[in-house]
Structure formats: structure tokens, C-alpha cells
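Each chain, written out:
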Amino acid sequence: MTVVSDDPTWWPVIESYSLCSYFLVATCTVVIYDWALSLRKEYELIWGQRWSLVTILYLGVRFLGMSYTVIYMLESLPSVSVTDKVSNILYSALTWITVVVNAMLGIIIITRLHVMYQQSRKILVFLIVIFLVITGSCGVIAAIGSKYTVGQELILSGSHQCSYTYEGISGLLDALAWVCYTVWEVLTLCLAIRIAIQHFRALRRSPTGWTIRDSLTVMIKTHVVYFASFVAVSCFQLGYLSPGIMYSSSVGSDVYAGMLEFVSIAQMFVLGPRLILSVRDFNAKLVTDSDAGIDMPSMIFQEGGRV
């Protein structure tokens, strides 16, 4: 039911929602700006290449990300009226976009690790089993969480706000989802570090003369930055679970929540697509240098498939 009030006691709530909307507008701007910056490379390396599963995953993450940020921003703007029913629909849409995009990112990581481990079937089966368990669990958590979340429109002093009431075990479900994704990210990070160390040791004994710097370039552009961002997001999420922040109405808590949304969205929708784009850019430069007659050794992570 829509709540209409001009009571001054609601002013702190209005200020809190306004501050949150600033962060969401900034986040939407960053996501779209990043897409605009990479549009030329995207055309050359994605649209201009032979289509594959990874191509579809890239486009899915990229455009679902922009849709997510636009929806999130619109429901938070004080000038946009959103009914109770529409609020529930938007919440479900945002929740399931998050689940789908995380699943897409998981498939991208599996593809990369499969390539890095020389297409090992054991590694592939192991990762797929873990991935299906975690993704299925998060899907169930999302379905239950949507059931216990009720949207409500607030019209406070002429300002439209979209409020959500989390009933039952919603807080516990959010924590469980965070644990599931953390387990997955830590597992894939450990596997990436393990194979990287093995390759670095092999390079030291290799007579080809390929430098450590070249292999580090691949790792930094495709894994390190992404996992570092995940660590930052995890730290923010862990801190937000503190009752002193989660249930506080102070400006500091609102800023913290806004920063959490910013880094979470940036990790998924900015750094996520770059897991693919950076690799294809690196491979394209290798091909260009080879065509120019520069002696380039084969890439350390031989790709049986197309990434």
C-alpha cells in the first residue's frame, strides 16, 4: 500500500534515499562510460569475430549490466513514481539479473581455467559440479528471498521513494548467498594461482627466452584485477553485515551502503566483461606483431577453444 506523508519526521529518510540515488546515478554513468570507452575494441574483437559461447556470455554480461544499473537508478530517483506492484517486479528483475550474470561470469572463469589447465577433463568436471551446486543454491536463495521481500511506494513531501520490507529470514539468505559466491571465487583464485606458479617455474627452465613480464601481462589483465575487486567487495559486504552499519540511519552508513553498491556493480559489469575483452585484445596484438615479422613465442596458455 502506498504511504503518503508530509510529516517532517520522514526527512532523514528522504535524505538517505537521495544520497543513495546519487551513488546509483554515478554507478550507472561509470558502467555506460566504460562501455563507450571500449566500444571500438568491442566492435573489432567481439562483433567482428566468429561468434562463440564466450561471445554470447560477453554480450550478456555487458548489456544485462547496463539494464541492471538503469533499472536500479530509475527505481531510486525521487522524481520517478513506482507502484507497489512495480516495485516487486523491479526487485525480482534485479535479483535474477544478479544470479544470471554471476552464472555467466562463472562459466567464463570455468572456460579460462579449463584452457589454463591444458583442457584437463578432471578440472572441467570438478569446476562444473561445484559451479552447478553453488549456482543452484543461489537460485533457490534468490527465489525464497523474493518471496519474503515486499515492495512499497512512499510519497514523502512530494518525493517518490521505493521501499522494501525484508521479512522472515531474508538477512540470513543474503549472508548465505555471499558465502556461496565467496567459496566459488576463492576456489577459482586458488586454482588460477596454482597453475600460474607452475607455468612461471616452467618458464625459468624454458630455453625460448619468453620473459616473465609477458606471462604476467596475461595474468594481470585477466585475473588479478578481477579477483582483487572481489576481495574489496567481500570486505565491504562483510562490514555491512555489522548491525552498527546495517541498521544505522547515519550519513556514514548511507555512504558505506552506496560505496558497496558501487564496487559490487563495477566488479560484475565493468571488470567482468574485461575478462574476455582483455584476452582477445592481447591475442590480437600477438597476431599483429607476428604478421609484422616480430618473433613472438607461443602464448603460455594455449587455447583449444576461443576465449
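This write-up is about the structure you can find in this document. Nothing here was measured: the structure is a model prediction, and the numbers come from that model.

Definitions and cut-offs
Residues numbered from 1 in each chain as written. Predicted model: local features only at pLDDT ≥ 70, side-chain atom pairs only at ≥ 80, totals over all residues. Heavy atoms only, no water. Phe/Tyr/Trp six-rings, centres within 6.5 Å; stacked < 30°, edge-to-face > 60°. Helix = DSSP H or I, 4+ residues; strand = E, 2+ residues; numbered from the N terminus. Buried < 20%, exposed > 50% of the residue type's maximum accessible area, 1.4 Å probe, protein only. Contact = heavy atoms within 4.5 Å. Pairing = 2+ DSSP bridges. Axes fitted to C-alpha atoms, helices over the stretch in contact; angles between N-to-C directions. Parallel < 35°, antiparallel > 145°, perpendicular 65-115°, else oblique. Nonpolar A, V, L, I, M, F, W, Y, C, P; charged D, E, K, R; others polar.

What follows deals with the packing of aromatic side chains. Enumeration over the complete set of coordinates arrives at 7 aromatic pairs. With 5.3 Å between their ring centres and 45° between their planes, Y68 and F269 make a pair best called tilted. Highlighted residues: Y68 in helix α3 (residues 53–76) and F269 in helix α9 (residues 251–291), separated in sequence by 201 residues. Assessed through its relative accessible area of 0%, F269 is described here as buried. With a centroid separation of 5.4 Å and an interplanar angle of 55°, the aromatic rings of F236 and Y256 are classed as tilted. In this pair, F236 is assigned in helix α7 (residues 212–240) and Y256 in helix α9, connecting sequence segments 20 residues apart.

Right, let's talk about the side chain of S38 for a bit. In this structure, S38 sits in the loop between α1 (11–37) and α2 (39–47). Using a relative accessible area of 3% as the deciding quantity, one classes S38 as buried. Each residue touching S38, except ones within four places of it in the same chain, is listed here: Y58, R62 and L277.

On to the pairing of strand β3 (residues 159–166), then. β3 sits mainly inside the fold: 6 of its 8 residues count as buried. Sheet topology places strand β2 (residues 149–156) next to β3; 8 bridges connect them, and they run antiparallel. The residue bridging L156 from the neighbouring strand is S159, located in β3. Here β2 hands over to β3 after 2 residues, with S157 in that stretch at a positive phi of 55°.

Secondary-structure assignment places F131 in helix α5 (residues 121–147). Accessibility expressed as a relative area gives 11% for F131, which makes it buried. Sequence separation between F131 and Y181 is 50 residues, and the spatial gap between their C-alpha atoms is 9.7 Å. With near-sequence residues (within four places) excluded, F131 lies in contact with A103, G106, I107, I110 and W184.

Here we come to the side chain of S253. For S253, the position within the fold is in helix α9. The exposure class of S253 is buried, given its relative accessible area of 9%. Discounting chain neighbours no more than four positions away, the residues touching S253 are G244, I245 and S248.

Helices that pack against each other are described as a pair by the angle of their axes relative to one another and the distance between those axes. Running from amino to carboxyl end, α2 crosses α3 at an angle of 150°, the nearest separation of the two axes being 11 Å. Comparing their axes, α3 and α2 come out roughly antiparallel. Residues E42, I46 and W47 of α2 touch α3, and the partners they reach there are T55, Y58, L59, R62 and F63. The class makeup of the residues in the contact of α2 with α3 is 5 nonpolar, 1 polar and 2 charged.

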